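Chains, contacts and geometry: an overview
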Amino acid sequence: MLVLLLVLTLASSPLDQLAAKLQAAPAWQAGFSQSFVPAGLSRGSQEHGTFTFAHPSRVRFDYQGDPKRTFAVDGSLARMVDAEAGTCQALELSQGAWASLPLVTLTDPGALRGFFTVEEKAEAITLLPRQPSPELARVVVHLGPDGLPQEVLVEDGSGNLNLFRFSRWRAQKTVPRELFSPSLPGQPPCLPGGDNPRPQR
């Protein structure tokens, strides 16, 4: 704990402090809600579930709605698994799509500043891509009282908004890497361009 306090003290900016806090544990879990608001509208769809993050760039969203499904990323490889429908889809993310994922770029401020112009305030960090893409126009990270992300707003080049709200952050001692390569029961993780399994009847 003393080491963490010293690191946070030496970290001069809100971004550096957030990165130091995230780096203090190998992995994190939190509850989340996700609201997608199409451009021009004031309200949109909302989902919720459990979010898992592990270093260096692994994230997993377990959606608890109907249908239940899992979206996970390990590096630049993303998979969406819907066990009820019997589908597994995999794709390589573009740089813009990868950078729009909550937390994946926040643990390496040096590399992040190479991709983004960073605007920092005590309670919020705004990331503006140095090379805007259709997938990403800006990311705004609002920090909670614990110094961890409370809200992450992602806006794409068309003005569509994705708002993630996080709660009950919990540090994890270890998370198996396999958690970020989800698959259908009894099958290996699907690969980009591979067969998309369907349920047997």
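Residues numbered from 1 in each chain as written. Predicted model: local features only at pLDDT ≥ 70, side-chain atom pairs only at ≥ 80, totals over all residues. Heavy atoms only, no water.

Right, let's talk about the overall build of the chain for a bit. Tallying secondary structure elements over the chain gives 4 helices and 11 strands in all. Taken over the C-alpha trace, the chain has a radius of gyration of 17 Å; the compact-globule value for 201 residues is 17 Å, and the two agree within 12%. Looking at the chain residue by residue over its 201 residues, the buried ones come to 46%. Look at the contacts in the chain between residues 6 or more apart in sequence, and 45% of them connect residues 24 or more apart. Entry remark: accessible area of the chain is about 10,900 Å², with carbon and sulfur atoms responsible for 53%. Here the chain carries 18 positive and 19 negative side-chain charges, and the mean point of each set is 4 Å from the other. (Helix = DSSP H or I, 4+ residues; strand = E, 2+ residues; numbered from the N terminus. Rg over C-alpha atoms; globule rule 2.2 N^0.38 Å. Buried < 20%, exposed > 50% of the residue type's maximum accessible area, 1.4 Å probe, protein only. Contact = heavy atoms within 4.5 Å. Areas by Shrake-Rupley, 256 points an atom, 1.4 Å probe, with all protein chains shown as cover. Lys, Arg positive; Asp, Glu negative; His and termini not counted. Charge placed at Lys NZ, Arg CZ, Asp CG, Glu CD.)

Let us look at the nonpolar core. Within the largest apolar cluster, 37 residues are counted, with the highest numbers of intra-cluster contacts made by F51 and L106. Those residues in contact with F51 that sit more than four places away from it in its chain are W28, Q29, A30, F32, V59, R60, F61, P102, L103, F166 and W169. Within the second largest apolar cluster, 6 residues are counted, among which are L77, V81, C88 and C190. (Core = buried A, V, L, I, M, F, W, Y, C linked by side-chain atoms within 4.5 Å.)

Attention now goes to the confidence of the model for the chain. A residue-level look at the chain finds 91% of positions with pLDDT of 70 or above and a mean pLDDT of 88. Across the chain, element-level confidence peaks in strand β11 (residues 161–172) with a mean pLDDT of 97 and bottoms out in helix α1 (residues 2–10) with 46. Under a pLDDT of 50 for its full length, residues 1–11 has, in the predicted model, 8 contacts with residues more than four places off or in other chains. (pLDDT = per-residue confidence, 0-100.)

Before going further, it helps to spend a moment on the packing of aromatic side chains. Under the criterion given, the structure shown has 11 aromatic pairs. A ring pair is formed by F61 and F71, whose centres lie 6.4 Å apart and whose planes are at 35 degrees; its orientation type is tilted. Here F61, found in strand β3 (residues 58–63), pairs with F71, found in strand β4 (residues 69–74); they are 10 residues apart in sequence, far enough to count as distant. Here the two residues F61 and F71 agree in accessibility, since each one is buried. For the cation-ring pair, R69 lies above Y63, with the distance from its terminal atom to the ring centre recorded as 4.4 Å. (Phe/Tyr/Trp six-rings, centres within 6.5 Å; stacked < 30°, edge-to-face > 60°. Lys NZ or Arg CZ within 6 Å of the ring centre and 35° of its normal.)

Our focus in this paragraph is empty space enclosed by the protein. Scanning the model with the defined rule gives 1 cavity of 30 Å³ or more in all. The space that makes up the largest cavity amounts to roughly 60 Å³. Elements represented by at least two residues in the lining of the largest cavity include exactly β9 (138–143) and β10 (149–155). A class-by-class count of the residues in the lining of the largest cavity yields 10 nonpolar, 2 polar and no charged. (1 Å grid on protein atoms, 1.4 Å probe; cavity = no way out; pocket = protein on both sides within 12 Å on 5 of 7 lines; lining within 4 Å. Points joined across faces, edges and corners; volume = space filled by probe spheres on them. Nonpolar A, V, L, I, M, F, W, Y, C, P; charged D, E, K, R; others polar.)

Of the pockets and cavities examined, the largest pocket occupies roughly 470 Å³. Every element with two or more residues in the lining of the largest pocket is listed here: β1 (27–37), β2 (45–54), β3, β4, β10 and β11. Its residues assigned to classes, the lining of the largest pocket shows 12 nonpolar, 6 polar and 5 charged. Computed from the structure, the second largest pocket encloses a volume of approximately 180 Å³. Lining the second largest pocket, in full, are Q95, G96, A99, G114, F115, F116, P129, R130, Q131, S133 and L136. Broken down by secondary-structure element, the contributors of at least two residues to the lining of the second largest pocket are α3 (95–99) and α4 (109–115). It is α3 that provides the largest number of residues to the lining of the second largest pocket, a total of 3 residues. The class makeup of the residues in the lining of the second largest pocket is 5 nonpolar, 5 polar and 1 charged.

Secondary-structure assignment places S33 in strand β1. Given the relative accessible area of 15%, S33 is considered buried. Not counting chain neighbours up to four residues away, the residues in contact with S33 comprise Q46, E47, H48, L163, F164 and R165.

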